[in-house]
Amino acid sequence: MTQSKVKFGLIGFGAWGQHHADAITKCKGAELAAIAARSESSAARARETYPDAFVTTDYRELATRDDLDVVDVVVPSDLHHEIATCVLENDKHLLLEKPMCVSLADCDHLIRLAAQQDRLLCVGHELRLSSMWGKVKQMIEDDFIGMPQYCLVELSRNPYRQGADGWRYDIDRVGNWILEEPIHFFDLAKWYLQRSGTPETVYATANSRQPERPELQDNFSAIVHFSGGAYAVVSQTLSAFEHHQTVKVTGTKGALWASWSGAMDRTRHPTFSLRAFDGNEVTTVPIDKPTGELFELEDQVERVVEAIADGRPLHCTAQDGRWSVAMCLAASESVAKGKKIKIDPACSLHES
Ligand SMILES: NC(=O)C1=CN([C@@H]2O[C@H](COP(=O)(O)OP(=O)(O)OC[C@H]3O[C@@H](n4cnc5c(N)ncnc54)[C@H](OP(=O)(O)O)[C@@H]3O)[C@@H](O)[C@H]2O)C=CC1
Ligand SMILES: O=C1CO[C@H](CO)[C@@H](O)[C@@H]1O
């Protein structure tokens, strides 16, 4: 690896952006050189916490600086496309939070722009870097369960945070609630069932606790069918308590059962376990380091640094990010129409 540090700019210093700042600061190969917030109060907090960083309330002023290698964008989802476009046009590598964008046309535009500018575009699907969710993937690839046939990714949690200005509860800004958490689970399910072909259809249903706000879907479930006959169930409720995520994958020979629980998604003190059945006996699989989105965020920053400095492949590419958005949009369309939606290999969407 080259000796000089990879210089990061960060746009967005809200709930998750502050964790990105912390993760960048902890990474040996990275330096947090600049931060853009929107409000004066967030900018003041950034200055106080990171006195060595350049801080602005104008993201364009950050994107046009010539001392940055990569810009990390952690803003409300409806602003991803506008701000990411500015970053790429200014020749910076880009780490963009999920959902990549709230429309496929915008995802496609960013993919073309990144290629044209020859810049990396990494999307923040950090769960792939988890010591436990990643171990599940490795065991499937090592044929521990035989050919995977069934995958359940389930979350039971407390309601979403409002977000700055309440953007997460404004459907025009958040896109839909499937783009918030279930997007991670579609990504995991496709990853786990990769040996069983490609996703072909999705059927989804959802409901809301507030009759006057039917678009805010607290409960959501989807079934995705794959070309090789396997299927995945993605299901979540936001009407529960704490944060509990389960993955079950079964195959022609065995089964895996992974669970993660914490007082909230961002705890550094979760409980988790992975149990495995090889067709004969059940064992508990050791997990070599703690798992949780704060740990994975730190690993994600390291992967981006290694990709920029050493050319290591990214854990989640722009194409992966786009696919997950396509799945969420297809699932949302299925909920609205009450019909199964077909997903073609290019991920354009059709009624089935
Ligand atoms: N991968 C993952 O696991 C997670 C991903 N996310 C994603 O991260 C993104 C941010 O979520 P979250 O942090 O929870 O949201 P918040 O609402 O807490 O933070 C968003 C921040 O963006 C800032 N902002 C808005 N417009 C601009 C602008 N033009 N320039 C600079 N800053 C701006 C706001 O600034 P101000 O405070 O000044 O108003 C606010 O602080 C979302 O896309 C979300 O989906 C979120 C959580 C986890
Ligand atoms: O992983 C996550 C945790 O929850 C957030 C909502 O409150 C999501 O935005 C995010 O993707």
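Fair warning: this is a prediction, and the values are worked out from it, not measured in the lab.

Criteria and thresholds
In this numbering scheme, every chain counts its residues from 1 along its sequence in written order. Lettering of chains starts at A and numbering of ligands starts at 1, both following the order in which they are written. For a predicted model such as this one, the threshold for reporting local features is a pLDDT of at least 70, and the threshold for listing and counting side-chain atom pairs is 80 or more; totals across whole chains, interfaces and linings nevertheless cover every residue. Values shown for side chains rest on all heavy atoms present in the structure; no hydrogens or waters enter the calculation. A helix here means a DSSP run of H or I that spans at least four residues, while a strand means a run of E at least two residues long, and both kinds are numbered starting from the N terminus. Under this definition, polar contacts are N or O atom pairs within 3.5 Å; protein pairs additionally need one hydrogen-donor-capable and one acceptor-capable atom, and for neighbouring residues in sequence, both atoms have to be side-chain atoms. Grouping buried Ala, Val, Leu, Ile, Met, Phe, Trp, Tyr and Cys residues that are joined through side-chain atoms within 4.5 Å yields what is termed a nonpolar core. Exposure classes here rest on a 1.4 Å probe applied to the protein chains alone. A residue is buried below 20% of its type maximum, exposed above 50%, and partly exposed in between. An automatic or database domain assignment is the source of the domain bounds shown. Residue contacts are counted whenever heavy atoms from the two residues lie within 4.5 Å of one another. Accessible area that two parts lose when put together, evaluated with a 1.4 Å probe and summed over both, is termed the buried area. Salt bridges, as used here, are contacts in which a Lys or Arg side-chain nitrogen is within 4 Å of a carboxyl oxygen on Asp or Glu. Amino acids are sorted into nonpolar (Ala, Val, Leu, Ile, Met, Phe, Trp, Tyr, Cys and Pro), charged (Asp, Glu, Lys and Arg) and polar (every other residue, Gly among them). By convention in this text, a residue qualifies as near a molecule or strand provided that one of its non-hydrogen atoms is within 4 Å of it. To measure how exposed things are, a 1.4 Å probe is used in the Shrake-Rupley method; for residues, cover is taken only from the protein chains shown. UniProt positions are given in the numbering used here, feature names are shortened, and annotations may be inferred rather than shown by experiment. A strand pair is defined by DSSP finding two or more bridges across the two strands. Each axis is a line fitted through C-alpha atoms, taken for helices only over the stretch in contact, and angles between the N-to-C directions span 0 to 180 degrees.

Considering the side chain of Glu-181
Mapped onto the elements of the fold, Glu-181 is located in the loop between α7 (171-174) and α8 (182-192). A polar contact is formed between the side chain of Glu-181 and the side chain of Arg-157, at a distance of 2.7 Å.

Describing the nonpolar core
Core analysis: the largest hydrophobic core is formed by 78 residues, its most contacted members being Met-100, Leu-121, Phe-186 and Tyr-192. With nine residues, the single largest contributor to this core is helix α10 (residues 318-337). In terms of domain composition, this core takes at least three residues from each of domain 1 (6-123) and domain 2 (128-289 + 325-351). Beyond its immediate chain neighbours, meaning those up to four positions away, Met-100 contacts His-80, Cys-107, Leu-110, Ile-111, Leu-121, Val-123, Ala-318, Gly-321, Arg-322 and Val-325.

Structural notes on the domain arrangement of the protein chain
Splitting the protein chain by domain gives domain 1 (6-123) and domain 2 (128-289 + 325-351). Distance between the C-alpha centres of domain 1 and domain 2: 27 Å. Between domain 1 and domain 2, the contact holds 17 residues from the first and 17 residues from the second. Together, the buried faces of domain 1 and domain 2 total about 1300 Å²; carbon and sulfur atoms form 60% of this surface. Together, Arg-38, Lys-98 and Leu-104 form the three largest contributors to the area buried by domain 1 at its contact with domain 2, with a combined 36%. Viewed at the interface, domain 2 and domain 1 are joined by four salt bridges. A salt bridge links Asp-22 to Arg-268, with the nearest nitrogen and oxygen atoms 4.0 Å apart. On inspection of domain 1 and its partner domain 2, the count reaches three residue pairs in polar contact (both at pLDDT 80 or more). Going through the elements one at a time, α1 (15-26) and α5 (104-117) are the ones with two or more residues in the side of domain 1 that touches domain 2. If you tally residues by element for the side of domain 1 that touches domain 2, the top one is α1, at five residues. Residues that form the side of domain 1 that touches domain 2 fall into these classes: nine nonpolar, three polar and five charged.

Let's talk about the site of ligand 1
Ligand 1 sits among 33 residues. The nearest are Ser-39, Ser-42, Glu-126, Ala-164 and Trp-167. Contact distances for ligand 1 include 3.1 Å between an oxygen atom and a side-chain N or O atom of Ser-77. Residue Lys-98 places a side-chain N or O atom 2.8 Å away from an oxygen atom belonging to ligand 1. Notes on ligand 1: free accessible area 920 Å², of which the protein chains cover 92%. If you list the elements that add at least two residues to the shell around ligand 1, you get α1 and α4 (80-89). Counting residues per element, the shell around ligand 1 draws most heavily on α1, at three residues. The residue makeup of the shell around ligand 1, split by class, is 15 nonpolar, 10 polar and eight charged. Each of domain 1 (6-123) and domain 2 (128-289 + 325-351) gives at least three residues to the shell around ligand 1.

Here we look at the environment of Ala-240
Residue position: Ala-240 is located in the loop between β10 (231-237) and β11 (243-251). Considered as a pair, Ala-240 and Phe-272 are 32 residues apart in the sequence and their alpha carbons are 19 Å apart. Residues within four places of Ala-240 in sequence aside, it is in contact with Ser-156, Arg-157, Asn-158 and Pro-159.

Thoughts on the UniProt feature "domain: Gfo/Idh/MocA-like oxidoreductase N-terminal" (unreviewed entry) in the protein chain
According to UniProt, the "domain: Gfo/Idh/MocA-like oxidoreductase N-terminal" (unreviewed entry) feature falls on residues 7-125. Secondary structure within residues 7-125 divides into 43% helix and 22% strand; the distance between the first and last C-alpha atoms comes to 21 Å.

A short note on the site of ligand 2
The immediate surroundings of ligand 2 are formed by Lys-98, Arg-157, Tyr-160, Arg-161, Arg-168, Glu-180, Glu-181, His-184, Asp-265, Arg-266 and Glu-293. Arg-161 places a polar side-chain atom, nitrogen or oxygen, 3.1 Å from an oxygen atom of ligand 2. In the model, an oxygen atom of ligand 2 is placed 3.0 Å from a nitrogen or oxygen of the His-184 side chain. Bound to the protein, ligand 2 loses 93% of the 300 Å² it would expose on its own. For the shell around ligand 2, the residue count by class is one nonpolar, one polar and nine charged.

Quick look at the sheet that holds strand β1 (residues 6-11)
Pairing is parallel across the open sheet formed by six strands, whose spatial order is β3-β2-β1-β4-β5-β6. Every other strand in the sheet has two partners, leaving β3 (54-56) and β6 (121-123) as the edge strands with one partner each. Between one strand axis and the next, the sheet turns through 20° on average, direction left out of account. For strand β5 (residues 93-96) and β6, the ladder comprises three bridges, and the chain directions are parallel. In the strand pairing of β6, Leu-96 is matched with Val-123. Sheet strands in contact with α4 are β1, β4 (70-73), β5 and β6, and its direction is about 160° off that of β5.

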